[in-house]
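Letter by letter, the chains look like this.
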Amino acid sequence: MDIALIAFVAALASALTLYSGFGLGTLLLPAFALFLDAPMAVAATAVVHLLNNLFKGGLLWTRVDWRTVLAFGLPAVPAAVLGAWVLSLLGETPRLFAWGAFGQTFGPTGAGMAIGLLMIVFAMLELQPWFQRLKAPPRLVPVGGLITGFFGGLTGQQGAFRSIFLLRSGLSPEKFIATGVMIAVLVDLSRLTTYAASFSMAGLDLAGRDGLLVLAGTLSAIGGAFVATRYLDKLTIGAIRYSVAILMLVIGAALAVGVIG
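So, here is what we can say about the structure in this document. Bear in mind the structure is a predicted one, so any value in this text is a computation, not a measurement.

## A short note on the nonpolar core
So, step 1. If you look at the biggest cluster of nonpolar residues, it comprises 34 residues, and the most contacted ones within it are Phe-72, Leu-87, Leu-166 and Tyr-195.
So, step 2. Residue assignment for this core shows that the elements contributing at least two residues are α3 (38-59), α4 (66-91), α5 (110-126), α7 (141-155), α8 (159-166), α9 (173-198) and α11 (237-257).
So, step 3. At eight residues, α9 tops the list of elements feeding residues into this core.
So, step 4. Beyond its immediate chain neighbours, meaning those up to four positions away, Tyr-195 contacts Val-42, Ala-46, Ala-84, Leu-87, Gly-152 and Gly-153.
So, step 5. Grouped together as the second largest cluster of nonpolar side chains are twelve residues, Val-9, Leu-28, Ala-41 and Ala-221 included.

## Structural notes on the pattern of salt bridges
So, step 1. Summed over all chains, the structure comprises one salt bridge.
So, step 2. Arg-191 is the partner of Asp-188 in a salt bridge, and the nearest nitrogen-oxygen pair spans 3.0 Å. Within this pair, Asp-188 and its partner Arg-191 are both found in helix α9, separated by three residues, close to a single helical turn. For the pair Asp-188 and Arg-191, one class covers both residues: buried.

## Let's talk about the packing of α5 against α7
So, step 1. As a packed pair, α5 and α7 sit with axes 10 Å apart at the nearest point and diverge in direction by 130 degrees. Here α5 is positioned oblique relative to α7, judged by the angle of their axes. The interaxial crossing formed by α5 with α7 has left-handed handedness. Contacts from Ile-115, Leu-118 and Phe-122 of α5 reach α7 at Phe-151, Leu-154 and Thr-155.
So, step 2. A per-class count over the contact of α5 with α7 returns five nonpolar, one polar and no charged.

Criteria and thresholds
Residues numbered from 1 in each chain as written. Predicted model: local features only at pLDDT ≥ 70, side-chain atom pairs only at ≥ 80, totals over all residues. Heavy atoms only, no water. Core = buried A, V, L, I, M, F, W, Y, C linked by side-chain atoms within 4.5 Å. Buried < 20%, exposed > 50% of the residue type's maximum accessible area, 1.4 Å probe, protein only. Helix = DSSP H or I, 4+ residues; strand = E, 2+ residues; numbered from the N terminus. Contact = heavy atoms within 4.5 Å. Salt bridge = Lys/Arg side-chain N within 4 Å of Asp/Glu carboxyl O. Axes fitted to C-alpha atoms, helices over the stretch in contact; angles between N-to-C directions. Parallel < 35°, antiparallel > 145°, perpendicular 65-115°, else oblique. Left-handed = near helix turned anticlockwise from the far one by under 90°. Nonpolar A, V, L, I, M, F, W, Y, C, P; charged D, E, K, R; others polar.

So yeah, pure geometry; function would need other evidence.
Shown next, in the form of structure tokens:
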């Protein structure tokens, strides 16, 4: 049951994130959190996310706009480290409040509350027509890297702000997707290093059940990305924006009140 759920969520989220820039970490972290302790769930999600982005980067290598990757990605690296470090501090806080239902006690930590509220904000922005029309001038691309990197490290969410600087910068849909994937690789490498230093990964049994969960998530995410690339010309970013935003609202609310995470 646990492996099947992780595999299903990973495949679906990976297909969505190929187009939207967010989705895999958003959906996969809560799924891992059902079966692993929170620090281990963060570590497992980060591993799957990085491997999946490396695979997608290999598929889309020839479509990458490298000037944009450098201008956007280099500032994103230290910002992602900072965001991941802040997350590690928030993760050490006790429950902010507690409440009970169905014989169980729930309540968010500082990390759960911060991530949940930010996800709700990002989702609400994605649903606003005026936000989708925002355009940032090319000279602000490094600023976009800083913002994207920080929130990528803190919550795993990179797409909401990255879209302002990439989707509206004149890149074709193919270049937008490929360039966003390579930027995500840089952010993933940076945040995974910080997570490894901040959360003990020794408890992640990669030789046992935990390893099977990570393997199932990785292979399914790669499969989802591969299928999605076959239909690259048949789907648009706008077509899935609203569905992912609604999922973010639901998951963000659940994190904020401590139901998950």
